[in-house]
Amino acid sequence: MATKNDFKKFMFYDMQLVYPKLDQTYAWDNDKGGSIPCPPTATNAAWSCGFVVSNEEGKKLWNEFQAHYNSCKAQDPSLGEFNTVFGMQKRDDGTVLFKAYRKGVKKSGELAKAPDVIDGNMDDLADRRIYSGSVGTLRVWAWPNKGAEKFDANGQKTRDYGISLWLDKVQVTKAVYGDDSDFGKKKMEIEGQPDQMTANKAPDDFKPVSNQPETYQAPPSTTPSQASFDSVETASSSAPTPDFDDEIPF
């Protein structure tokens, strides 16, 4: 069982947001080959948001997440050896994509509260259906997690152990609105969830930056675009991105 000490806060300032799904919960639909809006109670329903960093910053974050995982593992022998950051993807252009999620339903069965999404004036963002290319600051909580059991090449059961990122709050400073062609296809898998609250949500993590976020209308999309960071393969830009999620019942 996760404890509050398992959750470490990370702030990501002025990030390029990728595939933000903040207006409601979404889930993967096999028939349509993409994520679609759904009720919070649907299987794997979640709010989510990705952000992009340089390869150098991605490696630094990997090391910080690994250090946090190993610190938690020292207190919990049931955790396996760290080998992944769930929702991380190295991209063809040399950047690294990280994704944070919040499930629609808590482990207790209660409906989860949507992540806070505010504008530059610290007010609730009126239209949360922003698109890739928006810019914002994210507060996420990193915690140790294990993936579902799977079979390796030899037919032996195995599973991944690593860090999941729980989406807490987003301040949007540049809001891009467009159409659904801005979203790429990706498969979402959600594994596990802790059931303890975390603490110390500092009130000064976010500050006013302007009266309103910059707002842009996106042009039609032309879409292309071992336990070491260097060993993670770069995903093909045409391949679906695997997503993972876990829930903290704040």
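Structure: above.
Below you will find a few notes about this structure.

### Quick look at the packing of aromatic side chains
Here is step 1 of the chain: By the definition in use, this model includes nine aromatic pairs.
Here is step 2 of the chain: Seen in terms of ring centroids, Phe 7 and Trp 143 are 6.1 Å apart; in terms of plane orientation they differ by 55 degrees. Their pairing is tilted. Separated by 136 residues along the polypeptide, Phe 7 in the segment before strand E1 (8–29) and Trp 143 in strand E8 (residues 135–146) bring together distant segments of the chain.
Here is step 3 of the chain: Ring centres of Phe 51 and Phe 98 lie 5.8 Å apart, and the angle between their planes is 20 degrees; on these two criteria the pair is classed as stacked. Of the two residues, Phe 51 is situated in strand E3 (residues 46–53) and Phe 98 in strand E6 (residues 96–103); the sequence distance between them amounts to 47 residues.
Here is step 4 of the chain: For Phe 98, a relative accessible area of 0% translates into the label buried.
Here is step 5 of the chain: The structure contains a cluster of three or more aromatic residues connected by ring pairs, namely Phe 10, Phe 12, Phe 51, Phe 65 and Phe 98.
Here is step 6 of the chain: A cation sits over an aromatic face here: Lys 21 above Tyr 26, 5.8 Å from the ring centre.
Here is step 7 of the chain: When the ring centre of Phe 229 is taken as reference, the NZ or CZ atom of Lys 90 above it lies at 4.4 Å.

### Notes on the nonpolar core
Here is step 1 of the chain: Counting 35 residues, the largest nonpolar core has Phe 12, Phe 65, Phe 98 and Leu 138 as its most contacted members.
Here is step 2 of the chain: With residues up to four places along the chain from it excluded, the contact list for Phe 98 reads Cys 49, Gly 50, Phe 51, Val 53, Gly 58, Leu 61, Phe 65, Val 85, Gly 87, Met 88 and Leu 165.

### Concerning unusual backbone geometry
Here is step 1 of the chain: Backbone geometry places Tyr 19, a non-glycine residue, at a positive phi of 50 degrees.
Here is step 2 of the chain: With respect to the element layout, Tyr 19 can be found in strand E1.
Here is step 3 of the chain: With phi around 70 degrees, Met 122 is a residue other than glycine that occupies positive phi space.
Here is step 4 of the chain: Turning to its location among the elements, Met 122 is positioned in the loop between strand E7 (116–118) and E8.
Here is step 5 of the chain: Its relative accessible area of 31% is what places Met 122 among the partly exposed residues.

Conventions used here
- Residues numbered from 1 in each chain as written.
- Predicted model: local features only at pLDDT ≥ 70, side-chain atom pairs only at ≥ 80, totals over all residues.
- Heavy atoms only, no water.
- Phe/Tyr/Trp six-rings, centres within 6.5 Å; stacked < 30°, edge-to-face > 60°.
- Helix = DSSP H or I, 4+ residues; strand = E, 2+ residues; numbered from the N terminus.
- Buried < 20%, exposed > 50% of the residue type's maximum accessible area, 1.4 Å probe, protein only.
- Lys NZ or Arg CZ within 6 Å of the ring centre and 35° of its normal.
- Core = buried A, V, L, I, M, F, W, Y, C linked by side-chain atoms within 4.5 Å.
- Contact = heavy atoms within 4.5 Å.

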